[in-house]
Amino acid sequence: MKQETVKAKLVADVDSPFYQYKTLFYEVPEEYKSWLSDDVYDAFIIALIYPCMKHKDDIIVDGAISERLYRNLKNYAMKCIKDFSIELSMIDISASKLKVPEKRYHYVGAGFSGGVDSFSSIYDRFEKETDPKYKISALLCFNAGSHGDYDDSNTENKFYTRYKYLSSYPKEVGLPYIPENTNVHAYMDEGHQQSGITRHISCVLALQAAFDRYYYASSLSYFEEKYFGRDQFEFDLSEFCEPHFLAWISTESIELVSEGGAIFQKRENEKYNRL
């Protein structure tokens, strides 16, 4: 069931021989138009960083990006992505201007897909949290690849059907629940898990004008990432490096937090216990 409401869209032109599509967009219901971050290209850089490193395609931005994001990508985050896969290479990033992204609202966000990781974040940072600066005040739902390929005509309908099905819980607890449609996955030919974290966070950065903080639900504890991280090589970038990677791609406007990893686990395996 494709939504028929009026949409607000953030769009950038993409000039590259490697991609079929020439525009990259993020789309939300019209009532959230002012939430879109239209003064910087941060979302678009994070969306394209993985495929550009794969194609050895430098990123040249005819506009502004966050200075913090620019410096951390060049000095830290890109090197981490390169370590994830032998098919990736370092590239150059440049922009005509560096600036602090504009801030309009002060929401605290989290994704909500109805899974145990979503509810774990909601339990800790909404149900239990008492400080309004850290308490979740809005939930997001993205169509960035987990619902199917961009070229599949059923993908967008599947996304909005799932969004409608999940909307009852945010409504019950009184939280805004924003569906964000994008074609970021049209630029990817790798599996969703390989670049899922960059797709997801690009959607968040497209709305950074509205958020001070965003909780990214982690699927691994800190210990598990250390123990299993090397097994995620070329499979899941998030599980390979999530906690420090999110810090590197935060901006002056929004703090990206890996949520759910700070748990104690009973270790039953003898080898596991020795580490």
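Residues numbered from 1 in each chain as written. Predicted model: local features only at pLDDT ≥ 70, side-chain atom pairs only at ≥ 80, totals over all residues. Heavy atoms only, no water.

### Topic: helix 3 (residues 116–127)
Among all positions of helix 3, only S118, S121, I122 and F126 are buried. Buried residues in helix 3, looked at end-on, bunch into an arc of 100 degrees, giving them a common side. On its buried face, helix 3 sits against strand 5 (107–111), strand 6 (138–143), helix 5 (168–173), strand 8 (211–217) and strand 9 (255–259). (Buried < 20%, exposed > 50% of the residue type's maximum accessible area, 1.4 Å probe, protein only. Helix = DSSP H or I, 4+ residues; strand = E, 2+ residues; numbered from the N terminus. Arc of directions from axis to C-beta. Contact = heavy atoms within 4.5 Å.)

### A look at the packing of aromatic side chains
Enumeration according to the criterion identifies 18 aromatic pairs in this entry. Consider the rings of Y19 and Y187, whose centres lie 5.3 Å apart with planes at 65 degrees: the pair is edge-to-face. Of this pair, Y19 sits in the loop between strand 1 (7–13) and strand 2 (23–29) while Y187 sits in the loop between strand 7 (177–182) and helix 6 (192–205), and the two are 168 residues apart along the sequence. Overall, the relative accessible area of 6% leaves Y19 in the buried class. Overall, Y187 belongs to the buried group, its relative accessible area being 4%. Every member of this aromatic cluster is reached through a ring pair, and the members are Y32, W35, Y105, Y107 and F211. Here the basic side chain of K9 rests over the ring of F25, its NZ or CZ set 4.4 Å away from the ring centre. (Phe/Tyr/Trp six-rings, centres within 6.5 Å; stacked < 30°, edge-to-face > 60°. Lys NZ or Arg CZ within 6 Å of the ring centre and 35° of its normal.)

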